[in-house]
Amino acid sequence: MNRSDLLTETEARELASRILALSTADETEVSVGSTWSGNTRSAVNRITTAGEVENTSISVTARFDRRQASVSTNRLDEEGLRAAVDDAASQARLTPENPELMPPLGPQSYAESRGFFEPTASLGPDARGRVAADAIRVATGKGDLTAAGFLTASAGAAAIANSRGMFAYHRSTSVDYELTVRTADGTGSGWAGVAHRDWSQLDIPTMHARAADRALHSREPTSVDPGNYPVVFTAAAMSDILGLLAGSLNARSADEGRSAFSAAGAGGTKVGEKLLDEKFQLESDPVGLGSPPYQGDGMPLERQVWFRDGVLEQLSYDRYWAQQQGAEPTGFAGSLRMGGGDATLEDLIAGLDRGLFVTRLWYIRRIDPRTILYTGLTRDGVFWVENGEIVRPVHNFRWNDSPLTAFASIEALGRPERVSSSREVPPARLSSFHFSTVSEAV
Amino acid sequence: MQRRDFMKAGAAVAGGFALNGRMLAARSLFGPSVSRSRATIDPVLRELLLEAIDAATAAGASYADARTELVLRQSIRTREDHVAGAGESASEGVGVRAFVDGSWGFAATPEMTLEAVVRAARTATAVAQANAAVQRAPMTLAPVESYGDVAWTAPHEIDPFSVSVEEKADLLLRLNQVALKRSGVRFVSSGVSCYRTDKTLATSTGTVAAQRFMRVGPYMTITAVASDRSRFQSRGSVVEPSGYGYEYVLENMTPESVEVWADEAVGMLQADTVEAGDWDLVLHPTHLWLTIHESIGHPTELDRALGYEANYAGTSFLAPPSEVLNSFRYGPEFMNIEAERITAGGMASIGYDDEGVKAESWPLVQDGIFVDYQTTRGQASWISEYTGNERSHGCSYASGWDDIQFQRMPNINLEPNAHDDLSEEDVLAAVDRGIYVEGRNSYSIDQQRYNFQFSGQVAWEVKGGKKTRMLRDVAYQARTPDFWNSMAVIGGPQTYYVGGSLNDGKGQPGQSNAVSHGCPIAVFRDVNVLNTAR
């Protein structure tokens, strides 16, 4: 099994055409995709599991007027394809009408989005094993430390097509690697993570050293009273908070009066209002981040600005709601790029008089959609900072806060980092974040 | 044969999958099925799996298992007066696991051919050999019986795949209308997800088990919006998912229930905001099951306690085993927690686990004392010195043919009051000033399972032993051992209810498990309650 088995554009087009030819529905949409993923997992200073999985699957959506149903399968012999096509058609005929269905799109043109990188696609078990072994060596070399990590690389090729001639194809890779290092006495834990589409862009030695250093320095923490504190967040922690905001940008919910971005009173939304600090910039940039330049129905995805200088520029519209409201469809707020500055993480900490440096957030759950209020915890390295210097490790906290208040209190932003294959976020210093109780968990 | 060659050769294998000149009967994936269906051993699949095991043992594995799964999913989503989506998926393949010198290796293929499964078996064995070369502490496998050829089918009345999408949509749309009739309700979304897995496992220890599992997950969210748009409130998580068949949906998604949920959505819009502070809590079982899942289910996973999940899910406060087994006080003397995989309708209920261990039940907490963990064959010896049990409790599970099996949660239940079959009214009578919480909502807990914060779908103030006005913005925070030791009263068997989760995540790459939790209503004293609106 190897990555040369991923569907080429010609093969994807041929497979999609075969499926479309089998269909007798009024309209048919097809998606085909092949994936490879390889992973290596370690814990307690040993490699615990490693696996290689590949799969190819197809999905068929059949439509009769306003009745529609989808079927997906990984049975790709002629019989399997026919069964999926026939079943989608019979289910569609039985499904009640959906008046919100939009007509399928005809042929579209797409910007080129480069998301496939050979160094990632060829990251095999031996290379992954060497990375895990190096992490274990770094941990054990720095004293009585225990490493637990997970390195996963994937490569995929996917295409969508429909009976009106729309066809789109995209190949991409992604690699995610994270490492948790714990002290043998169980009082300290440190984490670091990296991600990209291109394995060759990642600095693994620095990441290993960061996780181990955070573990060593987090040993035997003391408590700080809960309350509001200035805070420096890593890019990973910022990304978690950013995701909560991005998930709330739906125009329809706002128009329907059930979103934090609904205007009170007769109707309308908060578009155009300055809701966040003027340093806050947020856009979707699928092509710049190597993501598919299209959404599931073939609509081209372009760069969209959500916040500029803290002002909510627009909300996200699907094709149906855009038509209802006389707006342009934008697609989801994905492939996010948050603007930043030039500061390093160390610079941000150096600018903190009294407050907390937080490595990572955990178990984030929504409390109130009206205010985008969430709860969660810190983990794997929280430190008390005074006069710009880390002075001691402290216990973890539970926090209760909202991106609307957090991003209104931005003091400084660092250099944006790739936190996943399709997201770029800076570390930041915020003037206040609400920590509600102490968690003694390590 | 490579995957793409297989695809290109599609026409050549039309009609079935070739195996030693025999054919696997072509099966229609979503065709009509009978109302009550059952698992049977397919002789051709059986042979395919045994060939895989032979290939692994010939390559050097001291133990091997091979597993085919055909996983069917169907989902229907509606909002207000129309269907928002209908879809089905089928995924089928074979996973082979090999054990060499104390280490595991795994490989999976979607190709149901002799050549492909033999190749997967050899790859799995080679990966196990590579891991064994760097293994510091080889694993040993607990003994297991040989069960021969066995079959098990989840108890059900109506196979969910025997009910048409039309009939399911019709039920949901009728219920939506019931909700929308209530003044103040503006939006309603509903749906039902159905799952059926046919799994056949063969082990080199002499078991071939064919099993059929079912799950149904009905849901509805009703949203009320204030006329001046100043506030909105939703009532969701109305019915828990279940391991029964479609009859469970029909029994629980009724117009009478929808009227109650719609009233609650509108009621919460007008509810008073809670006063933060210490309150007695009366936790309804539709809410309490999730607190059990998070604060008892996860910390009693043995791999977590020993650091195997440190990078993702975390570790456990219940460690090391030598210091907590048979001594850690989880809660009061009337607290008994049972783990089991045998209850009808339980989403983790099985005949045999994914390494051929027969389903059983065992205590985790007895008379308030922690006495055991969840284990697999590779883990039992880690604690046998303290438990006196050399055998696995049967907690091995993989979420699909392409996932390696590892320790997953069984059904875990808080046993009801054994001495007195207290009713809800009896339990409420023990509370002078408290808050009654119903339904799961927000839940968050730290990576060692100490500090948690939960909230419900609806809440009422309890005064003088009676439910009174509705309260909103209620969440409670606690530390696991403090919380369970504050449990003061539990209801009897008449208040017992089974909830559960369809998608419980663990492991890297992430795997999803479904699990049920039964419990009675219970009272907890002086718990820290927050006002989430302030």
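Just so you know, these numbers come straight off a predicted model, no measurement behind them.

*Asks:* Explain the overall build of chain B to me, please; I cannot follow it from the model alone.
*Replies:* Scanning chain B from terminus to terminus reveals twelve helices and 27 strands. Computed over the C-alpha atoms, the radius of gyration of chain B is 25 Å, within 12% of the 24 Å expected from 2.2 N^0.38 for a compact globule of 534 residues. The principal-axis extent of the C-alpha atoms belonging to chain B is close to 75 × 55 × 40 Å. Taking all 534 residues of chain B together, 65% fall into the buried category. Restricting to contacts in chain B with at least 6 residues of sequence separation, those with at least 24 account for 75%. On chain B, the mean spot of the 47 positive side-chain charges and the mean spot of the 66 negative ones are 6 Å from each other.

*Asks:* I'm lost on the side chain of A:Arg182 in this one. Help?
*Replies:* Tracing the backbone shows A:Arg182 in strand 5 (residues 167-183). Buried and unpaired, A:Arg182 has no salt bridge, with A:Asp380 as the nearest side chain of opposite charge at 5.0 Å. Only 2.9 Å separates the side chain of A:Arg182 from the backbone oxygen of A:Val442, close enough to count as a polar contact. The residues touching A:Arg182, leaving out its near neighbours within four places in the chain, are A:Asp144, A:Leu145, A:Thr146, A:Gly188, A:Ser189, A:Ala215, A:Val442, B:Ala310, B:Thr315 and B:Gln448.

*Asks:* Mind showing me how you'd approach the side chain of B:Lys506 here?
*Replies:* Residues and elements named next belong to chain B. Within the fold, lysine 506 resides in strand 25 (residues 497-506). Note on lysine 506: relative accessible area 1%, which makes it buried. Side-chain polar atoms of lysine 506 contact the side chain of aspartate 303, separated by 2.9 Å. A polar side-chain atom of lysine 506 sits 2.8 Å from the main-chain carbonyl oxygen of glutamine 407.

*Asks:* Could you clarify how one ought to interpret the interface of chain B and chain A in this entry?
*Replies:* By a widely used convention, the size of an interface equals the accessible area lost when the partners come together. Contact with chain B, which involves 87 residues of that partner, is made by 92 residues of chain A. When chain B packs against chain A, the two sides together hide about 7,400 Å² of surface, and 48% of this comes from carbon and sulfur. Among the residues of chain B in contact with chain A, B:Arg229, B:Phe232 and B:Asn311 are the three that bury the most area, contributing 11% of the side total. Remark: the boundary between chain B and chain A carries four salt bridges. Put simply, B:Arg79 and A:Glu256 hold a salt bridge, and the shortest N to O gap is 2.7 Å.

*Asks:* Can you help me understand the environment of A:Arg137 in this one?
*Replies:* Along the chain, the position of A:Arg137 falls in helix 4 (residues 125-141). Classification of A:Arg137 as exposed rests on a relative accessible area of 52%.

*Asks:* Any chance you could explain the pairing of strand 18 (residues 433-438) of chain B here in plain terms?
*Replies:* Look at any regular strand and the pattern is simple: side chains alternate between the two faces of the sheet. Residue and element names in this part refer to chain B. Counting buried positions over the six residues of strand 18 gives five, a clear majority of the element. Pairing geometry for strand 11 (residues 277-283) and strand 18, over four bridges, is parallel. Its bridge partner being in strand 18, leucine 283 is matched across the sheet by valine 437. One ladder, built from six bridges, connects strand 18 with strand 21 (residues 458-463); its direction is antiparallel. The residue bridging glycine 434 from the neighbouring strand is valine 462, located in strand 21.

*Asks:* Whenever I open this one, the nonpolar core confuses me. Can you help?
*Replies:* Generally speaking, nonpolar side chains in soluble globular proteins are found buried as a group. Counting 88 residues, the largest nonpolar core has A:Ile19, A:Val32, A:Ile58, A:Tyr177, B:Met220 and B:Ile222 as its most contacted members. Sorting elements by how many residues they give to this core places strand 4 (residues 145-162) of chain A first, with eight residues.

*Asks:* Please clarify how the packing of aromatic side chains should be interpreted in this entry.
*Replies:* The geometry of an aromatic ring pair is captured by two quantities: the separation of the ring centres and the angle between the planes. Residue and element names in this part refer to chain B. On inspection of all chains with the given rule, the structure shows 33 aromatic pairs over all chains. Aromatic pair phenylalanine 452 and tyrosine 476: ring centres 6.2 Å apart, planes at 85°, arrangement edge-to-face. Of this pair, phenylalanine 452 sits in strand 20 (residues 451-454) while tyrosine 476 sits in strand 23 (residues 474-479); the two residues are 24 residues apart in sequence, bridging distant segments of the chain. With respect to class, phenylalanine 452 is no different from tyrosine 476; both count as buried. Geometrically, the ring pair formed by phenylalanine 454 and tyrosine 476 is edge-to-face, given 6.0 Å between the ring centres and 70° between the ring planes. Linking phenylalanine 454 in strand 20 with tyrosine 476 in strand 23, this pair joins segments that are 22 residues apart in sequence.

*Asks:* Explain unusual backbone geometry to me, please; I cannot follow it from the model alone.
*Replies:* Note on backbone geometry: most residues besides glycine have negative phi, and most peptide bonds are trans. Residue and element names in this part refer to chain B. Look at the link from alanine 319 to proline 320: it is a cis peptide, with omega at -10°. Between glutamine 508 and proline 509 the backbone carries a cis peptide bond, its omega angle lying at 0°. Checked against the element boundaries, proline 509 lands in the loop between strand 25 and strand 26 (511-519). Although it is not a glycine, asparagine 326 sits at a positive phi angle of roughly 65°. Here asparagine 326 falls in the partly exposed class, since its relative accessible area comes to 45%.

*Asks:* Help me understand helix 6 (residues 235-246) of chain A, please; the structure alone is not making it clear to me.
*Replies:* In an α-helix, one turn spans 3.6 residues; hence positions three or four apart end up facing the same way. Residue and element names in this part refer to chain A. Under the 1.5 Å per step criterion, the end-to-end length of helix 6 is 16 Å for twelve residues, consistent within 8% with the ideal 16 Å. Most of helix 6 sits out of view: nine of its twelve residues are buried. Within the sequence span of helix 6, burial applies to Ala235, Ala237, Met238, Ser239, Ile241, Leu242, Leu244, Leu245 and Ala246.

*Asks:* So what exactly am I meant to see when it comes to the pattern of salt bridges here?
*Replies:* It is possible for side chains of opposite charge to pair when their charged atoms get near one another. Applying the stated rule across the entire model yields 54 salt bridges over all chains. For A:Glu256, the salt bridge is made with A:Arg252, and the minimal N-O distance between the two is 3.1 Å. For the pair A:Glu256 and A:Arg252, one class covers both residues: buried. Where B:Arg472 meets B:Asp473, a salt bridge forms, and the shortest distance between an N and an O atom there is 2.8 Å. Each member of the pair, B:Arg472 as well as B:Asp473, is classed as buried. In the salt-bridge network here, residues are joined through shared partners; they are A:Glu100, A:Arg252, A:Glu256, A:Arg258, B:Arg79 and B:Glu80.

*Asks:* Would you explain the sheet that holds strand 14 (residues 369-370) of chain B in this entry?
*Replies:* Residue and element names in this part refer to chain B. In space, the four strands of this open sheet follow the order 14-13-12-17, with antiparallel pairing throughout. The open sheet has two free edges, formed respectively by strand 14 and strand 17 (411-414), since each of these has just one partner strand. Alignment of strand 12 (residues 337-340) against strand 13 (residues 361-366), held across four bridges, turns out to be antiparallel. Bridge assignment links glutamate 340 to a residue of strand 13, and that residue is serine 361.

*Asks:* Can you help me understand the pairing of strand 6 (residues 189-196) of chain A in this one?
*Replies:* All names here are of chain A. In terms of residue burial, strand 6 counts as a mostly covered element, since seven of its eight residues are buried. When strand 5 meets strand 6, the two strands line up antiparallel, connected through eight bridges. Opposite aspartate 176, over in strand 6, you have alanine 195 as the bridge partner. Between strand 5 and strand 6, which pair antiparallel in sequence order, lie five residues; one of them, glycine 186, sits at a positive phi of approximately 75°.

*Asks:* Any chance you could explain the packing of helix 4 (residues 165-181) of chain B against helix 6 (residues 255-270) of chain B here in plain terms?
*Replies:* The geometry of a pair of packed helices is captured by two quantities: the angle between their axes and the separation between those axes. Residue and element names in this part refer to chain B. Where helix 4 contacts helix 6, the axes come no closer than 9 Å and their chain directions differ by 40°. Relative to helix 6, helix 4 is oriented so that their crossing is right-handed. Residues Leu175, Val178 and Ala179 of helix 4 form the contact with helix 6, whose own contacting residues are Pro255, Val258, Glu259 and Ala262. Its residues placed into classes, the contact of helix 4 with helix 6 shows six nonpolar, no polar and one charged.

*Asks:* In this structure, what is going on with helix 4 of chain A? I would like to understand it.
*Replies:* All names here are of chain A. Along its 17 residues, helix 4 runs 24 Å from first to last C-alpha, staying within 8% of the 24 Å computed at 1.5 Å per residue. Those residues of helix 4 not exposed but buried are Arg128, Gly129, Val131, Ala132, Ala135, Ile136 and Ala139. End-on, the buried residues of helix 4 take up no more than an arc of 160°, which puts them together on one face. Exposed residues pointing more than 90 degrees away from the buried face of helix 4 are listed as Asp126, Arg130, Arg137 and Gly141. Immediately beyond the C-terminal end of helix 4, within one or two residues, lies glycine 143, with a positive phi of roughly 125°.

*Asks:* Before we go on, may I ask you to explain a negative patch on the surface in this structure?
*Replies:* All names here are of chain B. On the surface, Asp420, Asp421, Glu425 and Asp426 cluster together to form a negatively charged patch. Along the chain, aspartate 420 falls in the loop between strand 17 and helix 11 (424-428). Judged by relative accessible area, which is 43%, aspartate 420 ranks as partly exposed.

Reading guide: rules and limits
- Residues numbered from 1 in each chain as written.
- Chains lettered and ligands numbered in written order.
- Predicted model: local features only at pLDDT ≥ 70, side-chain atom pairs only at ≥ 80, totals over all residues.
- Heavy atoms only, no water.
- Helix = DSSP H or I, 4+ residues; strand = E, 2+ residues; numbered from the N terminus.
- Rg over C-alpha atoms; globule rule 2.2 N^0.38 Å.
- Buried < 20%, exposed > 50% of the residue type's maximum accessible area, 1.4 Å probe, protein only.
- Contact = heavy atoms within 4.5 Å.
- Lys, Arg positive; Asp, Glu negative; His and termini not counted.
- Charge placed at Lys NZ, Arg CZ, Asp CG, Glu CD.
- Salt bridge = Lys/Arg side-chain N within 4 Å of Asp/Glu carboxyl O.
- Polar contact = N/O pair within 3.5 Å; in protein donor to acceptor, adjacent residues only side chain to side chain.
- Buried area = accessible area lost by both parts, 1.4 Å probe.
- Pairing = 2+ DSSP bridges.
- Core = buried A, V, L, I, M, F, W, Y, C linked by side-chain atoms within 4.5 Å.
- Phe/Tyr/Trp six-rings, centres within 6.5 Å; stacked < 30°, edge-to-face > 60°.
- Expected span 1.5 Å × (residues − 1).
- Axes fitted to C-alpha atoms, helices over the stretch in contact; angles between N-to-C directions.
- Left-handed = near helix turned anticlockwise from the far one by under 90°.
- Nonpolar A, V, L, I, M, F, W, Y, C, P; charged D, E, K, R; others polar.
- Arc of directions from axis to C-beta.
- Patch = residues over 30% accessible without salt bridge, like charges linked within 9 Å, V, L, I, M, F, W, Y side chains within 5 Å.
- Areas by Shrake-Rupley, 256 points an atom, 1.4 Å probe, with all protein chains shown as cover.

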